[in-house]
Amino acid sequence: MTFIMILSMLGGAAAAERGAVAAEHIRLTEEMRSKATVGRWDAVDDHYQQLRALRGAELHYEDHWLGAQAASALGDIQATWRRLKRALDTEFTDEALGWWVTLTAQYGEVHLVIKPSAAQPVVLSIADPPFEPEKRATIASAQAALQADGAFHGLLPLGQYQLGEQKFEVIGGPAVRE
């Protein structure tokens, strides 16, 4: 009898925790919608990150979609691309696919690593710098990551690059050609 009662109490606690997580998920999603309608993308981004950190929550398409819109409005192409991919993994829509394809046509995925033995800072440069501020920001972000961590894995605008002495080309899609 005691064993059944303990199981019952444990089941009740787990159900209460699931209910609390679900309620918080609903609250954060409603806040994201509300903030998005008035263009408060920084708040939408904060709420999206809170949702991602919410243990036990299964994010829906709309959560990732709003998160992608927020990242885009804040100029973070890397986060936009990742969130669109999550949205597509959750629910396949023409809207998300179209945006993801557009990004994939303008950017390529790279994995760059600087050897720890490099005596001087290694500079990432592009032969033909883009005019668009978000593309310039993406390149600057990659350079900052390389300087801080010695590595960068993410998206760069299409083009001919040089990292130290190494030349490479970023082409649309996931491929990188040396």
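A few points on the structure. (Residues numbered from 1 in each chain as written. Predicted model: local features only at pLDDT ≥ 70, side-chain atom pairs only at ≥ 80, totals over all residues. Heavy atoms only, no water.)

**Some points on the packing of aromatic side chains**
Okay, step 1: One pass over the full model with this rule turns up four aromatic pairs.
Okay, step 2: Plain terms: the ring middles of Trp 65 and Trp 99 are 5.3 Å apart, the flat faces sit at 80 degrees to each other, and that makes the pair edge-to-face. A residue pair is termed long-range when its members are at least 10 positions apart, and Trp 65 in helix H3 (residues 61–73) and Trp 99 in helix H5 (residues 94–106) qualify at 34 residues.
Okay, step 3: Assessed through its relative accessible area of 12%, Trp 65 is described here as buried. (Phe/Tyr/Trp six-rings, centres within 6.5 Å; stacked < 30°, edge-to-face > 60°. Helix = DSSP H or I, 4+ residues; strand = E, 2+ residues; numbered from the N terminus. Buried < 20%, exposed > 50% of the residue type's maximum accessible area, 1.4 Å probe, protein only.)

**Considering the pattern of salt bridges**
Between side chains of opposite charge, a pair can form when the charged atoms approach closely.
Okay, step 1: A complete count under the given rule lists six salt bridges for this structure.
Okay, step 2: A salt bridge links Arg 33 to Glu 62; its shortest N-O distance comes to 2.7 Å. Separated by 29 residues along the polypeptide, Arg 33 in helix H1 (residues 2–37) and Glu 62 in helix H3 bring together distant segments of the chain.
Okay, step 3: Residue Glu 62 is classed as partly exposed on the basis of its relative accessible area of 29%. (Salt bridge = Lys/Arg side-chain N within 4 Å of Asp/Glu carboxyl O.)

**Section: the side chain of His 47**
Okay, step 1: Along the chain, His 47 turns up in helix H2 (residues 41–53).
Okay, step 2: Taking the relative accessible area as the measure of exposure, His 47 reaches 12% and is therefore buried.
Okay, step 3: Setting aside its immediate chain neighbours within four residues, His 47 contacts Leu 28, Glu 31, Met 32 and Lys 35. (Contact = heavy atoms within 4.5 Å.)

**Observations concerning the nonpolar core**
Okay, step 1: By size, the foremost hydrophobic cluster in this structure holds 16 residues, and its most contacted members are Leu 112, Leu 124, Phe 152, Leu 156, Tyr 161 and Phe 168.
Okay, step 2: Elements represented by at least two residues in this core include exactly strand S1 (107–113), strand S2 (124–126), helix H6 (133–149), strand S3 (151–157), strand S4 (159–163) and strand S5 (166–170).
Okay, step 3: If you tally residues by element for this core, the top one is H6, at four residues.
Okay, step 4: Look past the residues within four positions of Leu 124 in its chain and what remains in contact with it is Leu 112, Ile 139, Ala 142, Gln 143, Leu 146, Leu 156, Tyr 161, Gln 162, Leu 163 and Phe 168.
Okay, step 5: Counting residues in hydrophobic clusters, the runner-up holds twelve residues, among them Tyr 61, Ala 68, Ile 77 and Leu 88. (Core = buried A, V, L, I, M, F, W, Y, C linked by side-chain atoms within 4.5 Å.)

**What about H5?**
Okay, step 1: Taking 1.5 Å per residue, 13 residues should reach 18 Å; H5 reaches 18 Å between its end C-alpha atoms and fits that length.
Okay, step 2: Check the buried side of H5 and you find it contacts H3, helix H4 (77–90) and S1. (Expected span 1.5 Å × (residues − 1).)

**Comments concerning the packing of H3 against H5**
Okay, step 1: Packing of H3 against H5 leaves a shortest axis separation of 12 Å and a crossing angle of 35 degrees. In this structure, H3 crosses over H5, and the sense of that crossing is left-handed. Along the contact surface, H3 presents Tyr 61, Trp 65, Ala 68, Gln 69 and Ser 72, while H5 presents Glu 95, Ala 96 and Trp 99.
Okay, step 2: Here the contact of H3 with H5 is built from residues that sort into five nonpolar, two polar and one charged. (Axes fitted to C-alpha atoms, helices over the stretch in contact; angles between N-to-C directions. Left-handed = near helix turned anticlockwise from the far one by under 90°. Nonpolar A, V, L, I, M, F, W, Y, C, P; charged D, E, K, R; others polar.)

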